Amino acid sequence: MSPLPTAKEAHELSKTRTKAGGGEKLRWGRTCYDRYLLPCVAEFFGTALFVFSGCASVIENSPGTGRLQPAMAHGLALSISIAITAGISGGHMNPAVTLGVTLAGGLDIVLLFPYWAAQFCGATVGAGLARAVASSHESFANVSGGAFDAIKDSDQVSAALLAEVVMTFYLVLSVCLSAVNHQSKTPLAPFCIGLTLCVAILGAGAISGGCLNPARAFGPAVVANYWAYHWVYWVGPLVAGLLVGIVLRTLLGDPRTRLAFRKREASP
């Protein structure tokens, strides 16, 4: 089983097929739709399904399970979304991941903002679907529709912001090392990334809610109209994505990725 392709590699794939009767070969190349629109469509649907699953797990959380049910639901949903979209878009579902992957060279920079737009739109649709299937208005209102409400006053902001930066750094680093960096790529990337998200929610849930994803914060906030301390869930993850890109370009990336400490050798 080969490692998952990065978004940039997926854009360059083509297929050669022998025409019926032999002789001429047909080469299936990538159109502009395949290179620029199809990845955004994949991000839209992947993010919508991920956010729907996550919000629904929070809204319908069984009493006594604490953060375990939402953590498992988010982690498993992310793993599945990545597995089914990785060959098309790279399977980001997270603006912070897209930023880190772009800085690490795994995505054409012209797709950064289109990916973000697709992710935010998908998250809003997913959160809206979660509200539509909620068992009652009371269950939806009690958890602010899956929006992040862990921060109750300004005294918690610094700890929550730091938690979002650290845990998102962990998540984006897992994505880049398991799915982008050539030296450490693995076909187990969807499992590794989903498990990282699960661990992050269990670890940071009591501090910040364990968002790690501006799109996951934005969709439910729009649907539930809940914006208290919302900026924390944008600043923390995006700073983490920026830091991961810098670390990979300077220290952790393979020679193709690093901008320093590398040596070119002439091919024989």
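Shown above is the structure to which this text applies.
Heads up: these notes are all about the structure in this document.

About the cut-offs
- Residues numbered from 1 in each chain as written.
- Predicted model: local features only at pLDDT ≥ 70, side-chain atom pairs only at ≥ 80, totals over all residues.
- Heavy atoms only, no water.
- Helix = DSSP H or I, 4+ residues; strand = E, 2+ residues; numbered from the N terminus.
- Buried < 20%, exposed > 50% of the residue type's maximum accessible area, 1.4 Å probe, protein only.
- Areas by Shrake-Rupley, 256 points an atom, 1.4 Å probe, with all protein chains shown as cover.
- Phe/Tyr/Trp six-rings, centres within 6.5 Å; stacked < 30°, edge-to-face > 60°.
- Patch = residues over 30% accessible without salt bridge, like charges linked within 9 Å, V, L, I, M, F, W, Y side chains within 5 Å.
- Salt bridge = Lys/Arg side-chain N within 4 Å of Asp/Glu carboxyl O.
- 1 Å grid on protein atoms, 1.4 Å probe; cavity = no way out; pocket = protein on both sides within 12 Å on 5 of 7 lines; lining within 4 Å.
- Points joined across faces, edges and corners; volume = space filled by probe spheres on them.
- Nonpolar A, V, L, I, M, F, W, Y, C, P; charged D, E, K, R; others polar.
- Core = buried A, V, L, I, M, F, W, Y, C linked by side-chain atoms within 4.5 Å.
- Contact = heavy atoms within 4.5 Å.
- Axes fitted to C-alpha atoms, helices over the stretch in contact; angles between N-to-C directions.
- Parallel < 35°, antiparallel > 145°, perpendicular 65-115°, else oblique.
- Left-handed = near helix turned anticlockwise from the far one by under 90°.

**Quick notes on the overall build of the chain**
Broken down by element type, the chain carries 10 helices and two strands. Along the chain, helices (α) and strands (β) appear in the sequence α-β-β-α-α-α-α-α-α-α-α-α when read from the amino end. For the chain, with 268 residues in total, the buried portion stands at 47%. Accessible surface, the chain as shown: approximately 12800 Å² in total, 66% of it carbon and sulfur.

**Re the packing of aromatic side chains**
In the structure shown here, the tally under the stated rule is seven aromatic pairs. Seen from their ring centres, Phe44 and Phe45 are 5.3 Å apart, and the 85° between their planes marks the pair as edge-to-face. When its relative accessible area of 24% is taken as the criterion, Phe44 is described as partly exposed. Centroid distance Phe120 to Trp234: 4.9 Å. Interplanar angle 10°. Geometry classified as stacked. Of this pair, Phe120 sits in helix H5 (residues 112-132) while Trp234 sits in helix H10 (residues 232-252), and the two are 114 residues apart along the sequence. Of the aromatic side chains, those joined through ring pairs into one cluster are Phe120, Phe218, Trp227 and Trp234.

**Here's the deal with a nonpolar patch on the surface**
Taken together, the side chains of Tyr33, Tyr36, Leu37, Val41, Phe45, Ile109 and Val110 define a hydrophobic patch exposed on the protein surface, amounting to about 690 Å² of accessible area. Residue placement: Val110 occurs in the loop between helix H4 (95-103) and H5. Judged by relative accessible area, Val110 falls into the exposed class, the value being 51%.

**Observations concerning the layout of surface pockets**
Space inside the largest pocket adds up to approximately 400 Å³. Around the largest pocket sit 20 residues that line it, and Val58, Arg67, Pro70, Asp149 and Gly209 are the ones nearest its centre. Looking at the lining of the largest pocket residue by residue, the classes come out as eight nonpolar, eight polar and four charged.

**Observations concerning the nonpolar core**
Core analysis: the largest hydrophobic core is formed by 48 residues, its most contacted members being Leu78, Val101, Ile193 and Leu197. Of all elements in the fold, only helix H2 (32-59), helix H3 (68-89), H4, H5, helix H7 (157-180), helix H8 (189-204), helix H9 (214-224) and H10 reach the threshold of two or more residues within this core. Examining the composition of this core, we find that nine residues originate from one element, H7, more than from any other. Leaving out residues up to four positions away in the same chain, Ile193 has contacts with Leu78, Ile82, Leu171, Ser174, Val175 and Ser178. Judged by nonpolar contacts, the second largest core, of nine residues, contains Val157, Ala160, Cys211 and Tyr233.

**What to know about the packing of H5 against H9**
Closest axis-to-axis distance for the H5/H9 pair is 8 Å, and the angle between their directions is 50°. On the basis of the axis angle, H5 is oblique to H9. In the packing of H5 onto H9, the handedness of the crossing is right-handed. Contact residues: Gln119, Phe120, Ala123, Thr124, Ala127, Gly128 and Arg131 in H5; Pro214, Ala215, Phe218, Gly219, Pro220, Val222 and Val223 in H9. Across the contact of H5 with H9, the residue classes break down as nine nonpolar, four polar and one charged.

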